[in-house]
Amino acid sequence: MFEALADAGMLTMDSVANFLPMQEEVLNGNAQPALTQKGAAAIGIGLAAIGAGYAERGIGAAAVGALAEDSISTGIAVFLTVLPETLAIFALVALFV
Amino acid sequence: MSKSDSGSNPEYVNARVRARRAKLFDDEDYRKLVRMGTGEIARYMEESEYETEMNELGSRYNGVDLIEYTLNRNLAKHFEDILDWSGGQLYDQLAAYLRKFDAWNLKTILRGVYADSPSEEIEADLIRAGEFDDAFLARLLEVQDIEGIVELCSGTIFGPGLDEALEQYQETQALVPLENAVDRAFYEHLLDDAGTVTDVDSPAALYLEFLQAEIDFRNVRNALRLSRSGADIDPAEYFIEGGRLFDADELTQLVTNTDELVARIRDSAYGDDLSAALNELEEAESLIGFENALDAALQEYADHFSNSFPISVTPILAYIIAKERETDNIRAIARGKEAGLNEDEIEAELVTI
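Rules behind the numbers
Residues numbered from 1 in each chain as written. Chains lettered and ligands numbered in written order. Predicted model: local features only at pLDDT ≥ 70, side-chain atom pairs only at ≥ 80, totals over all residues. Heavy atoms only, no water. Contact = heavy atoms within 4.5 Å. Buried area = accessible area lost by both parts, 1.4 Å probe. Salt bridge = Lys/Arg side-chain N within 4 Å of Asp/Glu carboxyl O. Polar contact = N/O pair within 3.5 Å; in protein donor to acceptor, adjacent residues only side chain to side chain. Helix = DSSP H or I, 4+ residues; strand = E, 2+ residues; numbered from the N terminus. Nonpolar A, V, L, I, M, F, W, Y, C, P; charged D, E, K, R; others polar. Buried < 20%, exposed > 50% of the residue type's maximum accessible area, 1.4 Å probe, protein only. 1 Å grid on protein atoms, 1.4 Å probe; cavity = no way out; pocket = protein on both sides within 12 Å on 5 of 7 lines; lining within 4 Å. Points joined across faces, edges and corners; volume = space filled by probe spheres on them.

> Please set out the interface of chain B and chain A residue by residue, giving values where relevant.
On the chain A side, the residues contacting the nine residues of chain B number ten residues. Both faces combined, the contact of chain B with chain A buries some 710 Å², and carbon together with sulfur accounts for 56% of it. Connecting chain B to chain A are four salt bridges. For Arg 16 of chain B, the salt bridge goes to Glu 69 of chain A, with nearest N and O atoms at 2.9 Å. For the pair chain B and chain A, the interface holds three residue pairs in polar contact (both at pLDDT 80 or more). When residues in the side of chain B that touches chain A are grouped by element, the largest group, six residues, is from helix α1 (residues 10–21) of chain B. Partitioned by chemical class, the residues of the side of chain B that touches chain A number four nonpolar, one polar and four charged.

Right, dumping it as structure tokens:
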């Protein structure tokens, strides 16, 4: 495909002149993926943290409500609130594979 | 519902309400209460949820009055709390239902003024649980005549209905049209915030269904009372729009024939919930039993919904209904004891599930 592109580039030199340096790099084997493995892991961890945060929003509200009514102990309330945080921690595994 | 969901906090309100629901009296408590005298009931309540109110009111009232006022004040406290906690769409939904107490207060004030009661006595009977704040209720209490009250209410949902009813009142000097207008305004605005629901499988849809059930049950109750009393009143006058079961014409026909009415309810969506009550109605001819069964069915309906959507408006509504039942039950026990009914008779009056 790249050769085909290069052929096309030969034909209309002016219009694709800007692409040529990049194409040369690709052809020379110096390609860099837009998303590296570490970068993908970072996005994954971020998404997991957002999910955990969203889950904690509801649980935290309910826990504070239950605490205000004295129906559970503070320890249980804190434990339940941070339980979804395990999702974010598990997501860290993605960094090491 | 087109309004945004922002600010709605069902998780928080649910957690608090569930804790409070656990503190409601259960069957065991009722069994004990039924065997007590009014003084003992008051003492029993003092050791429970009702402690604060009992202590506040204990020096001013005694006997059944103390129990009654304590119940009202406790009910008002809990329902005000719920409105304080909730926000956004949740507030709108709950306020629509709790306006029931605005209607109650307005009717109490109208009746009090009509009977020339002193305003302190009227004030004691108010249940401050609705949307009317203390300042507005104080202004209503200051007014000395019915016309003034109607004028003050012109900005509220009760305004238009009361204006129309005022003419009738001035002709006949009977309070019924005004009271009727208040009730109808409440029920007809009940569906305002839940009017159109696009998503069939959502808490909003269940909420709407519940409110429709409430309206249907109210219509059934009115219809049965009319047919039993044999009074020559047009049932359509008392008909409330918005239910699923009847329309006004149908009800007018059915009201003259109790058997057909019962058959109609049995065939409806409520038939399963009410079958026991309907049998009782056909055999024992007791309207009280049937009305209690309606209350119990409504409670079961609400509980059923709150299992379908555990984190939504429905469990809160179920709590509100349960709390009202408790208040009614304790009141029934206390009043029954005062009237000298025996334990079995009082137990027949209780609504328990």
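> Give me unusual backbone geometry: which residues, what numbers.
The residue Asp 70 of chain A is not glycine, and still its phi comes out positive at about 60 degrees. Phi is positive for Asp 116 of chain B, close to 55 degrees, though the residue is something other than glycine. By secondary structure assignment, the location of Asp 116 of chain B is in the loop between α6 (88–114) and α7 (119–125).

> If you had to explain the pattern of salt bridges to someone new, which residues and values would you point to?
Residue and element names in this part refer to chain B. Summed over the entire model, instances satisfying the criterion amount to 23 salt bridges over all chains. Residue Glu 179 is joined to Arg 111 by a salt bridge in which the shortest nitrogen-to-oxygen separation is 2.4 Å. Placement of the pair is Glu 179 in helix α11 (residues 176–190) and Arg 111 in helix α6, with a sequence separation of 68 residues. Given the relative accessible area of 41%, Arg 111 is considered partly exposed.

> So what's going on with the side chain of Arg 325 of chain B? Which residues, and what values?
Mapping Arg 325 of chain B onto the fold places it in helix α17 (residues 313–338). Among residues more than four places away in sequence, those in contact with Arg 325 of chain B are Asp 295, Gln 299 and Val 351 of chain B.

> Just give me the short version of the layout of surface pockets, but keep the residues and values in it.
All names here are of chain B. Put simply, the largest pocket is a space of about 1,500 Å³. Along the wall of the largest pocket there are 44 residues; nearest its centre are Trp 104, Arg 218, Arg 221, Arg 225 and Asp 328. For the lining of the largest pocket, the elements supplying multiple residues, two or more each, are α5 (63–85), α6, α11, α12 (203–229), α16 (287–308) and α17. The element best represented in the lining of the largest pocket is α17, accounting for nine residues. When its residues are assigned to classes, the lining of the largest pocket shows 19 nonpolar, six polar and 19 charged.

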